[in-house]
Amino acid sequence: RSGSRTGACTLESLLVSRLPVPAPNKHPSMATTMTQEGAHDGITLLFPTIPRKYTEREVVLEVSRYIHPSEFDFVHVPKQKGSKFNDGFALMNFVNAIAAGMAVARLAEREWSFSKSKHPIRTQFSAIHGLA
């Protein structure tokens, strides 16, 4: 659990005491999240249009304005190697379907607040989530 991982932001370092770890040899968006209690299959939401300058930290801070951080345990904002901009989407695992549904409802009609251009926060359930 060293800081040498790349590609996935640990929420422990940002807001909460749970540390997600992608499963070995898997793309982080297909990872089973690991907590101190063991593996679980979370419900993953796709944020298909995040501002290109957003980092994982900003996505977590934004969502945390409406959903308690204990309700999600993994976030991934992919970006091309060598680029300072993300690929325009994020994946976030929620601890259960109720938390994910609450996130969809609470984020509806909201805007990304750390962006100069006010784009709406869009969410959709991801087709790939929690694979072992």
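First things first, this report covers the structure right here in the doc. Keep in mind it's a predicted model, so treat the numbers as computed, not measured. Residue positions are given per chain, counting from 1 as you read along its sequence in written order. Reporting in this predicted model follows two pLDDT cut-offs: at least 70 for local features of residues, and 80 or more for side-chain atom pairs to be given and counted; totals over whole chains, interfaces and linings ignore these cut-offs and use all residues. Neither water nor hydrogens contribute to the side-chain values; these are computed over all heavy atoms in the structure.

### Considerations on the overall build of the protein
Rule in force here: Runs of H or I in DSSP of at least four residues are treated as helices and runs of E of at least two as strands, each being numbered from the N terminus. Type-normalised accessible area, obtained with a 1.4 Å probe on protein chains alone, sets the label of each residue: buried when under 20%, exposed when over 50%, and partly exposed for intermediate values. The contact definition used throughout considers only heavy atoms, calling two residues in contact when any of these lie within 4.5 Å. For accessible areas, the Shrake-Rupley method is used with a probe of radius 1.4 Å. Any residue's cover is judged against the shown protein chains and nothing else.
A count of helical and extended segments in the protein gives two helices and six strands. Out of the 132 residues belonging to the protein, those deemed buried represent 42%. A separation of at least 24 residues holds for 64% of the contacts in the protein among residues at least 6 apart in sequence. Carbon together with sulfur atoms contributes 54% to the accessible area of the protein, which is approximately 7300 Å² in total.

### Some points on the sheet that holds strand β5 (residues 90–94)
Basically, it comes down to this: Paired strands, as defined in this entry, are two strands with at least two bridges between them according to DSSP. Here the axes come from fitting lines to C-alpha atoms, over the contacting stretch only for helices, and the angles between their N-to-C directions go from 0 to 180 degrees.
Across the sheet, four strands lie side by side as β4-β5-β3-β6; this open sheet has antiparallel pairing. The sheet terminates laterally at β4 (72–76) and β6 (124–125), the two strands that pair on one side only. Sitting on the sheet, helix α1 (residues 56–64) is in contact with β3 (43–47), β4 and β5, with an inclination near 140° to β4. On top of the sheet, helix α2 (residues 97–107) reaches β3, β5 and β6; it is set at about 25° to β3, its chief contact.

### Here we look at the pattern of salt bridges
Charged atoms that come close allow side chains of opposite charge to pair. Note the following rule: By definition here, a salt bridge exists when the distance from a side-chain nitrogen of Lys or Arg to a carboxyl oxygen of Asp or Glu is within 4 Å.
Scanning the model with the defined rule gives one salt bridge in all. A salt bridge links R65 to E62, with the shortest nitrogen-to-oxygen separation between them at 3.2 Å. A residue is classified by how much of its surface remains accessible, and R65, at 48% relative accessible area, is partly exposed.

### A word on α1
For clarity, the threshold we go by: The directions considered for the arc run from the helix axis to the C-beta atoms.
Along α1, the residues that are buried comprise E56, V59, V60, E62 and V63. Buried positions in α1, seen along its axis, are confined to an arc of 165° and lie on one side of it. Elements in contact with the buried residues of α1: β3, β4, β5 and α2.

### Some thoughts on the packing of aromatic side chains
For clarity, the cut-off: Aromatic rings from Phe, Tyr and Trp, taking only the six-membered ring of Trp, are treated as a pair when their centres fall within 6.5 Å; an angle between ring planes under 30 degrees marks them as stacked, one over 60 as edge-to-face, and anything in between as tilted.
According to the stated counting rule, one finds four aromatic pairs in the structure shown. Their ring planes at 65° and their centres at 5.9 Å tell us that F72 and F94 sit as a pair that is edge-to-face. With a gap of 22 residues between them, F72 in strand β4 and F94 in strand β5 connect regions that are remote in the sequence. One exposure class covers both F72 and F94, and it is buried. In textbook terms, an aromatic cluster arises when at least three aromatic residues are bridged by ring pairs, as seen for F47, Y54, W112 and F114.

### Side note on the nonpolar core
Soluble globular proteins tend to bury their nonpolar side chains together. Applied cut-off: The set of buried Ala, Val, Leu, Ile, Met, Phe, Trp, Tyr and Cys residues whose side-chain atoms join them within 4.5 Å is what this entry labels a nonpolar core.
In this structure, F47, I50, V59, V63, M92 and F94 are the most contacted members of the largest nonpolar core, which totals 21 residues. Put simply, the parts of the chain that give this core at least two residues each are β3, α1, β4, β5 and α2. The element that contributes the greatest number of residues to this core is α2, accounting for four residues. Residues contacting V59, with those up to four places away along its chain left out, are I50, Y54, V75, V77, A90 and M92.

### Here we look at the environment of A100
Structurally, A100 is set in helix α2. On the basis of relative accessibility, which here comes to 0%, the residue A100 falls in the buried class. Leaving out residues up to four positions away in the same chain, A100 has contacts with I43, L45, F94 and F125.

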